[in-house]
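Descriptive structure summary
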Amino acid sequence: MKIALVGYGKMGRTIEKIALERGHRVVSIIDVSNREDFFSEAFASADVAIEFSVPQAAFDNCMRCFAAGVPVVSGTTGWHERLEEIREICLKEEKTFFYASNYSVGVNIFFVVNRHLAKLMNDFPPYDVRMSETHHIHKLDSPSGTAITLAEDLITQLDRKTQWTLDEADEESALRIETVREGEVPGIHEVVYESEVDIITIRHSAKSRMGFALGAVLAAEFTAGRKGFLGMDEMLNQED
């Protein structure tokens, strides 16, 4: 498979390494210094583009990929408010877009556990719930896309929570997310239920970027040849 990389930071380089190890070819690499290469023959020849850039560039990057007829796998977080526009474009123009707030298989299992536990805890209102997430100092968005996914799943399952906040939760209906930026931490996410008598905690801690990068390459393999707005649910539950 021929892959184009959009964004060539630490994640982009890790994705390149894994893609090559899995027998793929990287035919184009686009970063801030060569954005004109979106219009190159090399980029247009790609079977899929893997986009890990910055929030303010992600939407435009996807539009340029679509214009070149190249499907997109995007891992950039912090621009979720525009994802519905991407979904509509995929439906109307038969484009292909794969998005996940986190490409780690382990994190996506964690998502399932979080939803199931929240469903159980909905019947036990004495337990209040809060969240925390810790990442490296280079991460631009706060809270993380993973944290937002966890929080939105909690709000869907728990009647007593209606919104999330980064501040101290003044209202009982607000779910507080604490964010920490330190060192080179790949990512730690924690959901805590606390009552007067005990604490229940679930936690995912990434050891490196390798799990995220492998998941992105697996998503690219899944996306090639497909149409529509895709995500980890489709990939992990594929039947064909």
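Preceding this paragraph is the structure being described.
Residues numbered from 1 in each chain as written. Predicted model: local features only at pLDDT ≥ 70, side-chain atom pairs only at ≥ 80, totals over all residues. Heavy atoms only, no water.

On to helix H5 (residues 105-121), then. Here H5 contains 17 residues, and its C-alpha end-to-end distance of 24 Å stays within 8% of the 24 Å for a straight helix at 1.5 Å per residue. Taken together, the buried positions of H5 are Val107, Asn108, Phe110, Phe111, Asn114, Leu117, Ala118 and Met121. Where H5 is buried, its residues contact helix H6 (145-157), strand S9 (188-194), strand S10 (199-205) and helix H8 (232-236). (Helix = DSSP H or I, 4+ residues; strand = E, 2+ residues; numbered from the N terminus. Expected span 1.5 Å × (residues − 1). Buried < 20%, exposed > 50% of the residue type's maximum accessible area, 1.4 Å probe, protein only. Contact = heavy atoms within 4.5 Å.)

Once that is clear, we can look at the side chain of Ser144. Assignment of secondary structure puts Ser144 in the loop between strand S6 (128-135) and H6. Look at Ser144 and you get buried, because its relative accessible area is 1%. One polar contact links the side chain of Ser144 to the main-chain amide nitrogen of Ala147, over a distance of 3.0 Å. If near-sequence neighbours (up to four positions away) are discounted, Ser144 is found in contact with Glu133, His135, Lys139, Arg181 and His189. (Polar contact = N/O pair within 3.5 Å; in protein donor to acceptor, adjacent residues only side chain to side chain.)

Let's shift gears to the sheet that holds strand S2 (residues 25-30). Sheet architecture is open: six strands sit in the order S2-S1-S3-S4-S5-S11, paired in parallel fashion. A strand with exactly one partner marks an edge of an open sheet, and here the two such strands are S2 and strand S11 (228-230). Within the sheet, the average angular offset between the axes of one strand and its neighbour, ignoring direction, is 20°. When strand S5 (residues 96-99) meets S11, the two strands line up parallel, connected through three bridges. Following the sheet pairing, Phe97 is matched in S11 by Phe229. Across the sheet, helix H1 (residues 10-21) touches strand S1 (2-6), S2 and strand S3 (48-51), and the angle it forms with S1 is around 170°. (Pairing = 2+ DSSP bridges. Axes fitted to C-alpha atoms, helices over the stretch in contact; angles between N-to-C directions.)

As a further point, take the pairing of S5. Side chains Thr96 and Phe98 of S5 all project onto a buried face; the interleaved residues Phe97 and Tyr99 project onto the opposite face, where all are buried too. Two elements, strand S4 (residues 72-74) and S5, share three bridges in a ladder whose sense is parallel. Paired with Val72 across the strands is Phe97, a residue of S5. Handedness of the crossover is the feature at issue here: the chain leaves S4, passes through helix H4 (residues 83-93), returns alongside S5, and the resulting connection is right-handed. (Right-handed = clockwise from strand over helix to strand, strands pointing away.)

A separate point is the sheet that holds S9. With respect to topology, five strands assemble into an open sheet ordered S7-S8-S6-S9-S10, the strand pairing being mixed. Each having just a single partner strand, strand S7 (163-165) and S10 make up the two edges of the open sheet. Here the strands of the sheet are splayed against their neighbours by 20° on average, with no regard to which way each runs. Across five bridges, S6 lies against strand S8 (residues 174-181) in parallel orientation. Counterpart to Ser132 in the pairing with S8 is Glu178. Along the sheet, H5 contacts S9 and S10; its crossing angle with S10, the most-contacted strand, is approximately 165°. Sheet strands touched by H6: S6, S7, S8 and S9. Its angle to S6, the strand with the most contacts, is close to 170°.

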